[in-house]
Amino acid sequence: ARQLGFRILISRAESVDERIPYHALQWVLQQLLNLNTATGDLISLRQQVGHSLAAIEEGLDQWAPLLQFILPYQWEETVSTSGLMAKEKEPKLIWLLERVILGQLAKNPVLLVFENSQWLDSSSEEFIFSLLRKSPPHLFLLIVTRLYKNRFDTPDAMISATPMTHLSIEVLTKEELFTLLC
C-alpha cells in the first residue's frame, strides 16, 4: 500500500477503549494531522491541529474544539462551537471527522487499519461504517480482530453498498501466517 502511495493510518484498541466514545479515532487523527504528541505541550498541539484543519479547508480550524472528545487538549470554545447545544455537538463532530478524512482522500488514497477491533467503542464503529456507506473512492478499511463480533456474522449486518471480504484466520503459527500474507 505504501509503495502505491497510500496513506496508512493505524489504530490500536485496548480493552478500556470500548468504553470511551470515538477513542479509536484518536490514533487516526494524531497520524492524519501529523501531531507530535511526545512533547505533551497542549498549546503546541492545539496550534498543530488548527493549522492542519485550516490547510484541509478554510475555516475548519474553528471547529477544532469539537475534537475534545478525541484529542483532549483543553480546547477553548470558538464562535462556531460556543453556541452549539449538547445534542448538536456530536453530529458536528462527525461532520468534522468526515471533512478531515475526506480531505486526506483528496491528496492520497487511505488505508485505515483498526487492530484489536473487538475493543472498538460503538461510536467509532458506527462512524467507520457510516463513512464507508458514503463510498468514498480510495478509502480502504482493514479491520483486524481476534474475536469476531457476532453482529457482523450475517451479510445483512454488513454494508451492502461497499464490497467487503471477510477472511477468518483461525490459529496459525507465525510462519504459516507470514507465508499466507506475504
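Presented here is a report on the structure given in the accompanying data block. (Residues numbered from 1 in each chain as written. Predicted model: local features only at pLDDT ≥ 70, side-chain atom pairs only at ≥ 80, totals over all residues. Heavy atoms only, no water.)

A word on the nonpolar core
The nonpolar side chains of soluble globular proteins are, as a tendency, buried together. One finds V49, L53, L67, I70, L71 and L97 to be the most contacted residues of the largest nonpolar core, which totals 38 residues. Counting residues per element, the ones that place at least two in this core are α1 (24–32), α2 (42–56), α4 (86–105), β2 (110–115) and α5 (122–133). Broken down by element, this core gets its largest block of residues, six residues, from α4. For L71, the contacting residues outside a window of four places in its chain are Q26, L29, Q30, L33, L35 and V49. Membership of the second largest hydrophobic core comes to five residues, among which are F6, I8, I10 and L111. (Core = buried A, V, L, I, M, F, W, Y, C linked by side-chain atoms within 4.5 Å. Buried < 20%, exposed > 50% of the residue type's maximum accessible area, 1.4 Å probe, protein only. Helix = DSSP H or I, 4+ residues; strand = E, 2+ residues; numbered from the N terminus. Contact = heavy atoms within 4.5 Å.)

Concerning the side chain of E98
Note that E98 resides in helix α4. Setting aside chain neighbours within four positions, we find E98 in contact with G103, F127, S130, L131 and K134.

Brief notes about the side chain of S124
Turning to its location among the elements, S124 is positioned in helix α5. Among the polar contacts made by the side chain of S124, one reaches the main-chain amide nitrogen of A24 at a distance of 3.4 Å. Of the polar contacts made by the side chain of S124, one reaches the side chain of D121; its length is 2.7 Å. With residues near it in sequence (within four places) discarded, S124 still touches Y22, H23, A24 and L25. (Polar contact = N/O pair within 3.5 Å; in protein donor to acceptor, adjacent residues only side chain to side chain.)

What about unusual backbone geometry?
Even without a glycine there, the phi angle at S135 is positive, about 50°. Among the secondary structure elements, S135 is positioned in the loop between α5 and β3 (139–143). Its relative accessible area of 39% is what places S135 among the partly exposed residues. Despite not being glycine, H138 has its phi angle at roughly 70°, a positive value. Secondary-structure assignment places H138 in the loop between α5 and β3.

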